Amino acid sequence: NWVFKQRLTGPGQVNSVESHFAECITMRDGLLVAGDRHFGTTNLIVNRDGAIFVYQLNTPTGTFSPLVSDSGDATRMGTAISISGDKIAVGSYEGTQVKVFQITGNLSTEIAAIDAPPGAASFGGSFFGNTGAVAIDGDRLAIGAIGENNSAGAIYHYHFDGSGYTYEGKLTSA
C-alpha cells in the first residue's frame with residue numbers, strides 16, 4: 001500500500017495563480033526534479049524564465065529536502081526533464097534550447113546550453129526539447145523536436161566529450 005508522506009511546494013512565487021510548479025517532474029536515484037516554466041518573472045505574460053527545483057530523498061523517513069534550484073533566461077525552462085547520474089537535462093517551452101546541469105553536493109552548474117541545430121524549424125515550428133522531449137543517459141543526450149520533418153517529428157542526438165555536447169545526428173521516422 002502507498003502511504004502519503006509529504007506535500008512539496010515550490011518557494012514563494014511558485015505558489016501563485018500563474019504557477020506551473022511540477023508541470024514536469026522526474027525522479028531517479030533519490031533525486032526528484034520539478035519544473036516551473038513561469039518562475040522568475042514579474043511580468044506573467046512575457047519573458048518567463050522558468051526554473052527547476054531539485055529535491056533529495058531523505059532515508060529512512062521517505063521525505064524530500066530542497067537541494068538546489070536553477071533558473072533559465074526567458075526560455076521558460078522546465079517543461080522537459082531527464083536525469084542520469086549527476087546530470088539533469090532540461091527543455092524549455094520556447095523549444096529553442098536544452099540546458100544540462102551537473103549537480104555536485106547542493107550546487108548546480110550549467111555545463112551545456114544546446115541550441116536547436118541549423119536547419120531546425122524556428123520557434124513555433126520544431127519544438128526542440130519541448131514537452132517531455134529530452135532524455136539523458138550517461139554521456140548521451142537525445143532531444144525530440146515534434147515539429148520537425150513536416151510535423152512527423154525528429155530526434156537529435158549528442159555525445160558529451162568531457163567538455164561539451166557534440167551533435168551526432170538526426171533520427172526521423174522515415
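Residues numbered from 1 in each chain as written. Predicted model: local features only at pLDDT ≥ 70, side-chain atom pairs only at ≥ 80, totals over all residues. Heavy atoms only, no water.

On to the layout of surface pockets. Considering only enclosed or pocket space, the largest pocket measures out at about 160 Å³ in volume. If you list the elements that add at least two residues to the lining of the largest pocket, you get β1 (24-28) and β2 (31-36). Among the residues forming the lining of the largest pocket, the class breakdown is nine nonpolar, no polar and no charged. (1 Å grid on protein atoms, 1.4 Å probe; cavity = no way out; pocket = protein on both sides within 12 Å on 5 of 7 lines; lining within 4 Å. Points joined across faces, edges and corners; volume = space filled by probe spheres on them. Helix = DSSP H or I, 4+ residues; strand = E, 2+ residues; numbered from the N terminus. Nonpolar A, V, L, I, M, F, W, Y, C, P; charged D, E, K, R; others polar.)

This part takes up the confidence of the model for the chain. Per-residue pLDDT for the chain averages 81, and the proportion of residues at 70 or more is 82%. Least confident of the elements in the chain is strand β4 (residues 63-71), whose mean pLDDT is 74; most confident is strand β9 (residues 134-137), at 96. (pLDDT = per-residue confidence, 0-100.)

The next subject is the sheet that holds strand β10 (residues 140-145). Pairing is antiparallel in the open sheet, where four strands are placed in the order β9-β10-β11-β12. The sheet is open, and its two edges are formed by β9 and β12 (165-172), each paired on a single side. When the angles between neighbouring strand axes are averaged without regard to direction, this sheet yields 20 degrees. Sheet analysis places β9 next to β10, joined by four bridges and oriented antiparallel. From the neighbouring strand, A135 faces β10, where its bridge partner is A142. (Pairing = 2+ DSSP bridges. Axes fitted to C-alpha atoms, helices over the stretch in contact; angles between N-to-C directions.)

This part takes up the sheet that holds strand β8 (residues 107-115). Across the sheet, which stays open at both edges, the four strands sit in the order β5-β6-β7-β8 with antiparallel pairing between neighbours. Among the strands making up the open sheet, the edge pair consists of β5 (77-84) and β8. The mean angle between the axes of side-by-side strands here comes to 25 degrees, regardless of whether they run parallel or antiparallel. When strand β6 (residues 87-92) meets strand β7 (residues 97-104), the two strands line up antiparallel, connected through four bridges. Of the residues in β7, the one forming a bridge with V90 is K99.

Per the counting criterion, the structure on display carries five salt bridges. Residue E23 is joined to R37 by a salt bridge in which the shortest nitrogen-to-oxygen separation is 2.9 Å. Taken together, the residues span a long stretch of sequence, with E23 in the segment before β1 and R37 in the loop between β2 and β3 (51-58) at a distance of 14 residues. For E23, a relative accessible area of 35% corresponds to the partly exposed category. Residue class for R37 comes out buried when judged on its relative accessible area of 13%. In this structure, R28 engages D29 in a salt bridge whose closest nitrogen and oxygen atoms are separated by 3.9 Å. (Salt bridge = Lys/Arg side-chain N within 4 Å of Asp/Glu carboxyl O. Buried < 20%, exposed > 50% of the residue type's maximum accessible area, 1.4 Å probe, protein only.)

Bringing the packing of aromatic side chains into the picture now. How two aromatic rings sit relative to each other is given by the distance of their centres and the angle of their planes. Per the counting criterion, the structure on display carries five aromatic pairs. Relative to Y156, the ring of F128 lies with its centre 5.7 Å away and its plane at 65 degrees, an arrangement referred to as edge-to-face. Highlighted residues: F128 in the loop between β8 and β9 and Y156 in strand β11 (residues 154-160), separated in sequence by 28 residues. For the pair F128 and Y156, one class covers both residues: buried. With a centroid separation of 6.1 Å and an interplanar angle of 45 degrees, the aromatic rings of Y156 and Y167 are classed as tilted. (Phe/Tyr/Trp six-rings, centres within 6.5 Å; stacked < 30°, edge-to-face > 60°.)

Below, the discussion takes up the side chain of Q97. Structurally, Q97 can be placed in strand β7. Polar contacts involving the side chain of Q97 include one to the side chain of D115, which spans 2.8 Å. (Polar contact = N/O pair within 3.5 Å; in protein donor to acceptor, adjacent residues only side chain to side chain.)

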